[in-house]
Amino acid sequence: ANTKAWEPAGSYPPTGLAATVVGLPEWIKAGCGDAEYICAEKGATFPGDVCPASLPDLSGHNNFATDVLKADPSLYGKLKDRKTEKGVSLAKCLKTGIDNKGHPNIKTVGLVAGDEDSYEVFKDLFDPVISARHGGYASDASHPTDMNPSNLLQEKIDPTGKYTLTTRCRTGRSVRGFRLPPACSFEERRELERVIVKGLMSLTGDLEGEYFPLHGSRSFAGKPTGMTEEKEEQLRKAGNLFQEPDSTLLLSSGCGRHWPDGRGIFHNKAMNFFVWVNEEDHMRIISMEKGDNVDAIFRRFAQATEGVAKVLQGEGHDFMHNSHLGYILTCPSNLGTGLRAGTIVKIPKLSARKDFKDVCGRLGLQARGTAGVDSVSTDGRFDISNADRLGKSETHLVNIFIRGVKTFIEWEQMLESGKSIDDVIANTKAWEPAGSYPPTGLAATVVGLPEWIKAGCGDAEYICAEKGATFPGDVCPASLPDLSGHNNFATDVLKADPSLYGKLKDRKTEKGVSLAKCLKTGIDNKGHPNIKTVGLVAGDEDSYEVFKDLFDPVISARHGGYASDASHPTDMNPSNLLQEKIDPTGKYTLTTRCRTGRSVRGFRLPPACSFEERRELERVIVKGLMSLTGDLEGEYFPLHGSRSF
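Residues numbered from 1 in each chain as written. Predicted model: local features only at pLDDT ≥ 70, side-chain atom pairs only at ≥ 80, totals over all residues. Heavy atoms only, no water.

Asker: Talk me through the packing of aromatic side chains; I want residue IDs and the actual numbers.
Answerer: Per the stated rule, a full pass over the model turns up 11 aromatic pairs. Ring geometry for Phe266 against Phe273: centres 6.2 Å apart, planes inclined by 75°, an arrangement best described as edge-to-face. For Phe266, a relative accessible area of 0% translates into the label buried. Looking at Phe273, the relative accessible area reads 0%, which means it is buried. Between Phe298 and Phe301 the ring centres are 5.6 Å apart and the planes differ by 45°, which places this aromatic pair in the tilted class. Residue Phe298 and its partner Phe301 are located together in helix H11 (residues 294-314), separated by three residues, close to a single helical turn. This pair shows no difference in class: Phe298 is buried, exactly as Phe301 is. (Phe/Tyr/Trp six-rings, centres within 6.5 Å; stacked < 30°, edge-to-face > 60°. Buried < 20%, exposed > 50% of the residue type's maximum accessible area, 1.4 Å probe, protein only. Helix = DSSP H or I, 4+ residues; strand = E, 2+ residues; numbered from the N terminus.)

Put into structure tokens, the structure is as follows:
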């Protein structure tokens, strides 16, 4: 098991080149050994360890990092001699941006992180680069993370199945405690491979799979020469193989060193879930399938990242993540979520518009040809994905993608039928969560409702002058409002004995419910023209006792003189029912029902319960409901737009 064919000394990293690299062009081989990438032919001459005394001439450069340095050259002198605790220098981070002046079509970042601390030690350079690359993301901003599939829009992108070919979600993850691929050592990369593959091999169910080291790698004991050439060809044909870096951007960054050692691909049996190990990032995670089932793709993706994280934590590691930058990855362009949700979609008419690129931007999307980042499309097939990575959560970005591509297909169908889409484009923008979501905002299902309804669907008490709803719901005002025009049971009692208001207005139950909370609906609503309303609600069980001087006469009036000291009998025994047919002929009755309510002790009632209480109530109630068996066994359906279940 530990014996293989003889090889000459120095014919494998870190002291030499692997056999699979030897036949490559010299300019690629120069970056696949142990040394930093130096290649005069490609203009790659900036050192990767120690910065020279002076900043090179950047007049011909065009990337985000060199733009920042040109705007403030003093940054170079300030940062050039600093190093992170793990020994990463500014030279290591900046080399790719100095060696590569710029891309003709895409503005590159020109900066990579050598480890997690690079973003802090060299923040004076990274922060403005991140801001420029991510649309003004502030140096003190917080990045939200949300990997909960329940928060995805439940919308079909392509109901006809005619337009979308394949869909995927992709992200990266970095393992805390290790340097990133541009700076990690030969030994670090091997240890990373070990801990990551251990996590991947622990996955079960439809995620269970196998790890295939790159062909020629000697790092993985289970496959000491890497994957076979046949396996390599299978992955290549399917577009799931990453190969040696043939870009000076990656070579200058240091991501090609020791190729192919410590690198490989994991995939599940269905080949719809892949993880690339130690390419540009520690992990590149891909979930994909034919069609447009984004929900299934994202659930697989979320389940896998959670599973691997648990194994890493058991080994004393975790993913790199912080509240400012989200998930930490090698390139600043992928910070935050690192997420790219994309689909290959056929939209020849829409994509033929001269403003197609602008239309993509309007919906928060980007389009590329199906052959890669700078490829073009000749048949109307494009790879459409979310444009942003940082500042919005994973589910937010996937929802932008879902709604955006769905809209593109609808527009393509309009164009196919000869309709103009100019007006709809002008009035359409990227999907946004409605004020995010309660308790800090409004749910998407509420946003389109009239203002007088929306006012009561957030976190605040309902105040709406248009509807006369101005009585506070927390603290009673000093004086009882004018009730001369009111007609409900509660205001009748208060008009008969106004002293009750002064007696009760400052009381609160043990759970903090005030008279104002109970009485607000009766003050705001003067009365119904045909039905006399109660005008009073309880905020919790104790409300009936603490405010009994008001509740008792209201209950008596509403329930035909029910006394304050009366006892109510309870009998839920079906045997005590009359055994009589209501409608022996079956000619008169249509449907019949029994209805009641129940409240759970220990929680405030709906008028007063908090966001968290309501969620906990849902949890315990649904747990009880889901335990029912026989003909009562069933399913729970949260309201459309709810994210609680």
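Asker: I'd like a rundown of unusual backbone geometry, residues and numbers included.
Answerer: Here the residue pair Pro13 and Pro14 is connected by a cis peptide bond, since its omega of 10° sits within 30 degrees of zero. Along the chain, Pro14 falls in the segment before helix H1 (19-22). Phi at His258 takes a positive value of approximately 65°, unusual for a residue other than glycine. Here His258 is to be found in the loop between helix H10 (248-253) and strand E3 (264-268). For His258, a relative accessible area of 1% puts it in the buried group.

Asker: Which residues make up the environment of Arg601, and what values do they have?
Answerer: With respect to the element layout, Arg601 can be found in the loop between helix H22 (548-558) and helix H23 (611-625). The class of Arg601 is exposed, set by a relative accessible area of 68%. Along the primary structure Arg601 and Asp540 are separated by 61 residues, whereas in three dimensions their C-alpha atoms are 8.9 Å apart. Polar contacts involving the side chain of Arg601 include one to the side chain of Glu541, which spans 2.5 Å. (Polar contact = N/O pair within 3.5 Å; in protein donor to acceptor, adjacent residues only side chain to side chain.)

Asker: Could you give me a rundown of the sheet that holds strand E5 (residues 283-290), with the residues and numbers involved?
Answerer: Spatial ordering of the open sheet is given by E2-E3-E4-E5-E1-E8-E10-E9, a layout of eight strands whose pairing is antiparallel. Two strands lie at the open edges of the sheet, namely strand E2 (209-213) and strand E9 (365-368), each paired on one side alone. Neighbour-to-neighbour, the strand axes of the sheet open up by a mean angle of 20°, direction not taken into account. In this sheet, E5 lies alongside strand E1 (residues 164-173) in antiparallel orientation, the contact comprising eight bridges. By the bridge assignment for E5, Cys169 is matched with Ser287. Sitting on the sheet, helix H8 (residues 186-200) touches E2, E3, strand E4 (273-277) and E5, and the angle it makes with E4 is about 170°. (Pairing = 2+ DSSP bridges. Axes fitted to C-alpha atoms, helices over the stretch in contact; angles between N-to-C directions. Contact = heavy atoms within 4.5 Å.)

Don't take any of this as a statement about function, it's just geometry.
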